[in-house]
Amino acid sequence: MGFDRSLWLHVLVLLGVAAVAASAQAEPATERQRELVNMVRQDCGSCHGLTLKGGLGPALLPETLRDKPADALVATVMMGRPGTAMPGWAPFMNESEAAWIVQRLMQGFPPVAAQMELSK
Amino acid sequence: MTVRMLGASLLSLGLLAGCAQTPVLRGTGDLGVVIERATGSVQVVEHSGRTSLGSVPGLGDLSHAHVTYSRDARYAFVFGRDGGLTKVDLLTRTIVKRIIQAGNSIGGSVSQDGRLVVAQNYQPGGIKAFDADTLELVSEVPAEYAPGKFSKVVGLADVPGQKFVYALFDAGEIWVTDFSDPKHPKTTRFPAGQQPYDGLVTPDGRYFMAGLFGEDGIALLDLWHPEKGVRKILDGYGRGEEKLPVYKMPHLRGWAMAGGFAFLPAIGRHEVLVVDTKTWTEAARVPVKGQPVFVMARPDGRQVWVNFAFPDNGWVQVIDTPTREVIKTLAPGKAVLHMEFTPRGDNVWVSARDDNRVTVFDTDTFEVRKTLPATAPSGIFFSHRAARIGF
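Note that the structure is predicted; figures quoted are calculated from it, not measured.

Chemist: Explain the sheet that holds strand E17 (residues 186-191) of chain B here, please?
Modeler: Residues and elements named next belong to chain B. Taking strand neighbours across the sheet as the criterion, the four strands line up as E14-E15-E16-E17 in an open arrangement whose pairing is antiparallel. The outermost strands of the open sheet, each flanked by one partner alone, are strand E14 (153-159) and E17. This sheet shows a mean twist of 20° between the axes of neighbouring strands, independent of strand direction. Where strand E15 (residues 163-168) lies against strand E16 (residues 173-178), six bridges are found, and the strand directions are antiparallel. Opposite Lys163, over in E16, you have Asp178 as the bridge partner.

Next up, the structure:
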């Protein structure tokens, strides 16, 4: 049974690391989360689609973003991609907010209404 | 003959009586729709008394929805982002037919003879022609610009001769497709420039202009002389200047032609460009509050109304065309997405998405005539578009 136990230990350690990593990146306050969700749906949505299935810009869905490194996506959101229609959003959010958006995009973005319910 | 006509009117009376709405006989010339993008519905409105007549739900994803009208101005063809094409009867306020025609669509247009409604699609890139009565597919032109490569289609406009002009964002081309033989469309291709993002046709249907995102300048095609090819105008109009970020793509559709001059949104500059349409050269630039999105001329051409991209989307500015000066700055609400003039320009209807309302302004006094509640309203489209080339 010693083998099983060390496996469990590994899992627990890994879970712990993940939890620390997640909390190290400060979550925006609830009100700000609501603003960010609305911004992503509406303002990012004008190019990526309200449902984020793509428009002039590519789809921002978990299955299209899965294999892309998160920090590169955060850089794209903050700085944009020169030579393309993707603008940089640094004037309107800080890096940890952009990281929060990317993380949520990779998980599947909450609808505006659901987020509104959450913050009630 | 008389008997047949009597029969027909009895039949239509019967049909009307069969509907839920009261069978009031009326025209459609002062009707229109307001897109409620979050709820996937449209409100049918009338602009004589400035009221909402009711709403029609069940239209799918209406972000970036576009509406074009049947030749008789009774039916609205609503194009949704989800590829939905819905034919809505303005009089009965019911859905006549709804199809999903593509994965991702941004609009469409009706042919000169009124028989075809043509959709422009991002995914799969191309255009599709449907029978305007039945919405059955008649033919399609995939935007395959190189083997296996498809482009998003933007700026579709109907022009005389059963033709449609449109631009290919990814290919940098303008295509003209002739549907004289509806099942066998013929397409001519023209190189245009980098990343055309939208297009417009002049009110007479002669010139097609495509705005370029990837370079400064506008691609111009004279449809009376297509053999001359596309000409680049306003080439490098911002040379040497740092471009400002564009948080929303401008739209060119809308008649921003006034007194021999075209008023167009600059890209990456907080300016409206004024172009002399005799020489197609720059005549002036009007500094404005932000990145212009819609630049629309009042039908008489005396004023041009401008709204803006995020983060300046709470403003609307009015340019006096003879002096080319901003004469009024309005704050109609949060996230102003669209403006629509009444046919003769006495009023303009302005949608404010995040304030859930539509505001009707008097264009002479700028007074608010009315505000109407609407759920996240975006586009406003009046039925007189039915009679215009390029709408």
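Chemist: Would you explain the side chain of B:Arg298 in this entry?
Modeler: In this fold, B:Arg298 is placed in the loop between strand E26 (292-297) and strand E27 (303-308). Not counting residues within four places of it along the chain, the set of residues in contact with B:Arg298 comprises B:Gln303, B:Phe341, B:Gly345, B:Thr363 and B:Asp364.

Chemist: Sorry if this is basic, but what is going on with helix H2 (residues 30-48) of chain A here?
Modeler: The periodicity of an α-helix, 3.6 residues per turn, causes residues three or four places apart in sequence to face the same way. By the largest-angle criterion, A:Met39 marks the main kink of H2(A), which is about 30°. The positive-phi residue at the C-terminal boundary of H2(A) is A:Gly49, with phi of around 90°.

Chemist: Which parts of the structure should I look at to understand the sheet that holds strand E32 (residues 357-362) of chain B?
Modeler: The pairing of strands in a sheet comes from backbone hydrogen bonds and takes either a parallel or an antiparallel form. Residues and elements named next belong to chain B. Spatial strand order, E30-E31-E32-E33: four strands in an open sheet with antiparallel pairing. The open sheet is flanked by strand E30 (336-341) and strand E33 (368-373), the only strands paired with a single partner. If you compare each strand with its neighbour and ignore which way they point, the axes differ by 20° on average. Pairing geometry for strand E31 (residues 347-352) and E32, over six bridges, is antiparallel. Bridge pairing in E32 places Trp349 opposite Val360.

Chemist: Can you walk me through the nonpolar core in this structure?
Modeler: As a rule of thumb, nonpolar side chains are buried together in soluble globular proteins. B:Ile174, B:Phe208 and B:Leu223 are the most contacted members of the largest nonpolar core, which totals 40 residues. Contributions of two or more residues to this core are made by E14, E15, E16, strand E18 (196-201), strand E19 (207-212), strand E20 (218-222), strand E23 (261-265) and strand E24 (271-276) of chain B. When neighbours within four sequence positions are excluded, B:Leu223 is seen to be in contact with B:Val159, B:Val165, B:Val176, B:Val201, B:Gly205, B:Arg206 and B:Phe208. Counting 23 residues, the second largest nonpolar core, distinct from the first, contains A:Cys44, A:Leu73, A:Ile101 and A:Val102.

Chemist: Before we go on, may I ask you to explain the packing of aromatic side chains in this structure?
Modeler: Aromatic rings in a pair are described by how distant their centres are and how their planes are angled relative to each other. By the definition in use, this model includes 13 aromatic pairs over all chains. Members of the aromatic cluster, joined through ring pairs, are A:Trp89, A:Phe92, B:Tyr247 and B:Phe310. Here B:Lys243 stacks its cationic end above the ring of B:Phe213, 5.8 Å away from the centre of that ring. In this structure, B:Arg324 packs its charged tip against the face of B:Phe261, placed 4.6 Å from the ring centre.

Each value, and the rule that gives it
Residues numbered from 1 in each chain as written. Chains lettered and ligands numbered in written order. Predicted model: local features only at pLDDT ≥ 70, side-chain atom pairs only at ≥ 80, totals over all residues. Heavy atoms only, no water. Pairing = 2+ DSSP bridges. Helix = DSSP H or I, 4+ residues; strand = E, 2+ residues; numbered from the N terminus. Axes fitted to C-alpha atoms, helices over the stretch in contact; angles between N-to-C directions. Contact = heavy atoms within 4.5 Å. Bend = angle between axes of the 7 residues up to and from the residue. Core = buried A, V, L, I, M, F, W, Y, C linked by side-chain atoms within 4.5 Å. Buried < 20%, exposed > 50% of the residue type's maximum accessible area, 1.4 Å probe, protein only. Phe/Tyr/Trp six-rings, centres within 6.5 Å; stacked < 30°, edge-to-face > 60°. Lys NZ or Arg CZ within 6 Å of the ring centre and 35° of its normal.

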